[in-house]
Amino acid sequence: MTVTESSDSIGTSVPEQCDAVVLHGREVISRTMIRECLRNRVAVLVSAEPGLSSQDLSELLATAQVAGVPLCIANPDRFLPSRRLISEQLAAGRLGELGLVRSHRWEPYSKSPGRGTPIPGPLIRDLDLTTWYFGRSAEVVYAVERTQSGNLGAMQIDERNPSLRGQLIQVHLAFSGGGMAVVDYNSRLPEGSSYQFLSAIGSAGLASSDSHRNTQLQFQGGLPRGISSDESLRGLTSLVQS
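Criteria and cut-off values
Residues numbered from 1 in each chain as written. Predicted model: local features only at pLDDT ≥ 70, side-chain atom pairs only at ≥ 80, totals over all residues. Heavy atoms only, no water. Salt bridge = Lys/Arg side-chain N within 4 Å of Asp/Glu carboxyl O. Helix = DSSP H or I, 4+ residues; strand = E, 2+ residues; numbered from the N terminus. Buried < 20%, exposed > 50% of the residue type's maximum accessible area, 1.4 Å probe, protein only. Pairing = 2+ DSSP bridges. Axes fitted to C-alpha atoms, helices over the stretch in contact; angles between N-to-C directions. Contact = heavy atoms within 4.5 Å.

Peer 1: Any chance you could explain the pattern of salt bridges here in plain terms?
Peer 2: If charged atoms from side chains of opposite charge come close, those side chains can pair. As enumerated under the stated definition, the model contains seven salt bridges in all. When the shortest N-O distance is used, the salt bridge between glutamate 231 and arginine 83 registers 3.9 Å. Residue glutamate 231 is located in the loop between β12 (225-228) and α5 (232-241), and its partner arginine 83 is located in helix α3 (residues 81-91); the two are separated by 148 residues in the primary sequence. When its relative accessible area of 24% is taken as the criterion, glutamate 231 is described as partly exposed. Residue class for arginine 83 comes out buried when judged on its relative accessible area of 5%.

As structure tokens, this is what we get:
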């Protein structure tokens, strides 16, 4: 089977002699290409940002059903080794009953398509992970966003002030049985590396993933550099294989 990974710009033409198409990354999804693939009986796996609307999904799923080919919508973070390990620990009962999920995702401001949307794609992925761990949807959702003025409301990006670009959002989720989650997303970091932290605290233990722990120091004269290991390639491999 031939699998094609999308680049920064997705066209509307389907590659010849292609059995499946993988749309992955932060580019804007081409609904026209997905529809053309399905009509030509080409399987489609979507793990890109930003997410499709519910109306888009309904229309595309109907097209896939008529064509008799699979259309898969997946969160790539579910296939990261660290995230899957936490899920396995929860499923095996080693952590007991899940009570709290705490998540940070801090990254540099990006001008790529889909950034600056009301709900950023990376935040959607983190919220999906949270509901995956709890195994159910939240009963109560409370979210706040800090704007340039320090008030809450819609974000207005100021290109002249780098410290005010991007979004700063915190989401508090409440689940039945007393479980809760606090998920924050910050895209106001300076250019450079991002940082992620995720912990799942249960009645019998804790499991966490911290990108700080995966950072190695490189000495080449002068100040040392911190280089983080990357699990995204293994995650993408697992995603496509699944």
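Peer 1: Explain the sheet that holds strand β8 (residues 180-189) here, please?
Peer 2: Backbone-to-backbone hydrogen bonds pair the strands of a sheet. The strands run either parallel or antiparallel. Strand order in this open sheet of six strands is β6-β7-β8-β5-β9-β10, and the pairing throughout is mixed. Looking at the sheet topology across the chains shown, the edges are occupied by β6 (140-145) and β10 (206-210). In this sheet, adjacent strand axes meet at a mean angle of 5 degrees when their direction is disregarded. Two elements, strand β5 (residues 98-108) and strand β9 (residues 195-202), share eight bridges in a ladder whose sense is antiparallel. If you follow valine 101 over to β9, its bridge partner there is alanine 200. Docked against the sheet, α3 engages β5, β9 and β10, running at close to 175 degrees with respect to β10. Helix α4 (residues 121-134) rests against β5, β7 (168-174), β8 and β9 of the sheet, and its axis sits at about 165 degrees to β5.

Read these as layout, nothing more, since geometry by itself doesn't imply function.
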